[in-house]
Amino acid sequence: MKFEKFTEAHIPIYYEWRNNEQVAIYDQSEFLRPRSYEEIEVWAQRLVDGFTYLVTVNDKPIGVCSLMNVDTRNRHAELSIVIGDSNYWSRGYGTKILRRLIKFGFEGLNLRRLYLHVFEFNTRAIGLYEKLGFRQEGRLRDMVYRAGRYHDVRVYGLHEDDWSR
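Residues numbered from 1 in each chain as written. Predicted model: local features only at pLDDT ≥ 70, side-chain atom pairs only at ≥ 80, totals over all residues. Heavy atoms only, no water.

Draft legend 1. Geometry of the pairing of strand 3 (residues 60-71). By the bridge criterion, 7 bridges tie strand 2 (residues 51-57) to strand 3 in an arrangement that is antiparallel. Each residue of the ladder has a partner; that of Tyr-53, found in strand 3, is Cys-65. Here strand 2 hands over to strand 3 after 2 residues, with Asn-58 in that stretch at a positive phi of 50 degrees. Pairing between strand 3 and strand 4 (residues 76-83): 7 bridges, direction antiparallel. Within strand 4, the position partnered with Leu-67 by the bridge is Leu-79. Where strand 3 folds back onto strand 4 in an antiparallel hairpin, the turn is made up of 4 residues, including Arg-75, whose phi is positive at roughly 60 degrees. (Pairing = 2+ DSSP bridges. Helix = DSSP H or I, 4+ residues; strand = E, 2+ residues; numbered from the N terminus.)

Right, dumping it as structure tokens:
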């Protein structure tokens, strides 16, 4: 498994994942409808400019991971992961990717706290986050509408002191 800085060259695969309904259901509402390449290209510029990495397995792109909203003064950042190729779901890649991203956040960027948001129906991701030591810190009630009903968004955090290397 390799990590490489996300660049403009990676936008076409990101575009494909973001217009895949199976992937988009777990992400921000703006990806629930098909988006034009130009829309994705504009949105993805924040990935190009930030701490975002394309993850490959045997040179095949499988996903992206990011530390976003990095606040070096207060030493925290928001963590994000998308495994865009569903053939790689539930095979341990999420755990490996997050462990490396957490290590980079705490050791590479000297952060104190990482946090994330996850839809309550994404039980696979919640299990992963809790396995890695994230604790639920809050709940945003009825924040997302999927499959004919509203769902909560859970807020999870991981402090450097609670991280088991």
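Draft legend 2. Representation of a negative patch on the surface within the structure. Residues Glu-8, Glu-38, Glu-41 and Asp-49 make up a contiguous surface patch of negative charge. Position of Glu-38 among the secondary structure elements: in helix 3 (residues 37-49). Judged by its relative accessible area of 52%, Glu-38 falls in the exposed class. (Patch = residues over 30% accessible without salt bridge, like charges linked within 9 Å, V, L, I, M, F, W, Y side chains within 5 Å. Areas by Shrake-Rupley, 256 points an atom, 1.4 Å probe, with all protein chains shown as cover. Salt bridge = Lys/Arg side-chain N within 4 Å of Asp/Glu carboxyl O. Lys, Arg positive; Asp, Glu negative; His and termini not counted. Charge placed at Lys NZ, Arg CZ, Asp CG, Glu CD. Buried < 20%, exposed > 50% of the residue type's maximum accessible area, 1.4 Å probe, protein only.)

Draft legend 3. Examining the packing of aromatic side chains more closely. The tally for this structure, following the rule as stated, stands at 11 aromatic pairs. Centre to centre, the rings of Tyr-53 and Phe-104 are 6.0 Å apart; their planes meet at 85 degrees, and the pair counts as edge-to-face. Note that Tyr-53 is positioned in strand 2 and Phe-104 in helix 4 (residues 93-108), a separation of 51 residues in sequence. Judged by its relative accessible area of 26%, Phe-104 is partly exposed. One aromatic cluster is present, built from ring pairs that chain together Phe-6, Tyr-14 and Trp-43. When the ring centre of Tyr-88 is taken as origin, the NZ or CZ atom of Arg-91, which lies over that ring, is 5.0 Å away. Positioned above the aromatic ring of Tyr-93 is the side chain of Lys-96, whose terminal nitrogen or guanidinium carbon lies 5.5 Å from the ring centre. (Phe/Tyr/Trp six-rings, centres within 6.5 Å; stacked < 30°, edge-to-face > 60°. Lys NZ or Arg CZ within 6 Å of the ring centre and 35° of its normal.)

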